[in-house]
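# A closer look at the structure
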Amino acid sequence: GTSNLWLGDDNKLGIVSSSATNGEMRLGVNNSEIMRINTTGVGIGSTAPGVALDVVGGIRASSGTAGQAACWKSDKTLGQCTSVVSAGGACTCS
């Protein structure tokens, strides 16, 4: 079966749902599912994650330094551009 935990007024602000049948956990806001966790991974904007992190939509990452863009380094960790770049531009990531 499925168990639900409603948060907020009138059951509309947030929901955490767990299913014993398929081992999934669902998180939602305003009665809309926004994230699902299953045995494969985490889906954000996806109800059927196919990899460890499956995102449908844009992703924003911050380097924590004002004026510097974040980037993915070759070792798959988050780095920062050594210079400010325009939207869609390339940078040297460190």
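No experiment lies behind these values; they were computed from the predicted model shown.

Our next topic: the environment of Glu33. Residue placement: Glu33 occurs in strand S4 (residues 32–37). Assessed through its relative accessible area of 33%, Glu33 is described here as partly exposed. Between the alpha carbons of Glu33 and Ser17 there is a distance of 9.6 Å; along the sequence they are 16 residues apart. With sequence-adjacent residues up to four places away left out, Glu33 is seen in contact with Arg26, Leu27, Gly28 and Thr47. Polar side-chain contacts of Glu33 include one of 2.8 Å to the side chain of Arg36.

As a general feature of sheets, a regular strand has side chains that alternate between the two faces. With five bridges joining them, strand S3 (residues 24–29) and S4 adopt antiparallel strand pairing. Among the inter-strand pairings, Met25 is bridged to a residue of S4, identified as Ile37. Between the antiparallel neighbours S3 and S4 lie two residues, among them Asn30 with a positive phi of about 50°.

Tracing the chain through its elements places Gln80 in strand S8 (residues 78–80). Gln80 sits 12 residues away from Gln68 along the chain, and the two C-alpha atoms are 6.4 Å apart.

Okay, the pattern of salt bridges next. Tallying each qualifying case throughout the model produces three salt bridges. Between Arg26 and Glu24 there is a salt bridge, and its shortest N-O distance comes to 3.1 Å. Here Glu24 falls in the buried class, since its relative accessible area comes to 11%. Counted as one network, the salt bridges with shared partners bring together Glu24, Arg26, Glu33 and Arg36.

Let us now look at the state of the cysteines. In total, this model carries one disulfide according to the counting rule given. Each sulfur in the disulfide pair Cys71 and Cys93 lies 1.9 Å from the other. The sign of the S-S torsion, about 95°, decides the handedness of the disulfide formed by Cys71 and Cys93: right-handed. Note that Cys71 is positioned in strand S7 (residues 70–72) and Cys93 in the segment after S8, a separation of 22 residues in sequence.

A few words on the environment of Ala90. In this structure, Ala90 sits in the segment after S8. Separated by 19 residues in the primary sequence, Ala90 and Cys71 have C-alpha atoms spaced 9.4 Å apart.

Where S4 and strand S5 (residues 42–44) come together, three bridges link them in antiparallel fashion. Bridge pairing links Ile37 to Val42 in S5. Between S4 and S5, which follow one another and run antiparallel, lie four residues.

Rules used in this analysis
Numbers given for residues are sequential positions, taken from 1 along each chain in its written order. Reporting in this predicted model follows two pLDDT cut-offs: at least 70 for local features of residues, and 80 or more for side-chain atom pairs to be given and counted; totals over whole chains, interfaces and linings ignore these cut-offs and use all residues. Note: side-chain values were computed over all heavy atoms of the structure, leaving out hydrogens and water. Where helices and strands are cited, they refer to DSSP runs of H or I of at least four residues and of E of at least two residues respectively, numbered from the N terminus. Buried, partly exposed and exposed residues are distinguished by accessible area as a fraction of the type maximum, computed with a 1.4 Å probe on protein chains only: under 20%, between the cut-offs, and over 50%, respectively. By definition in these notes, contact holds between two residues if any of their heavy atoms fall within 4.5 Å. Pairs of N or O atoms within 3.5 Å make up the polar contacts considered here, provided that, within protein, one atom can donate a hydrogen while the other can accept it, and that residues adjacent in sequence are counted only when both atoms are side-chain atoms. Any two strands are treated as partners once DSSP identifies two or more bridges connecting them. What makes a salt bridge here is a side-chain nitrogen of Lys or Arg within 4 Å of a carboxyl oxygen of Asp or Glu, nothing more. By definition, disulfides here are pairs of cysteine sulfur atoms that lie within 2.5 Å.

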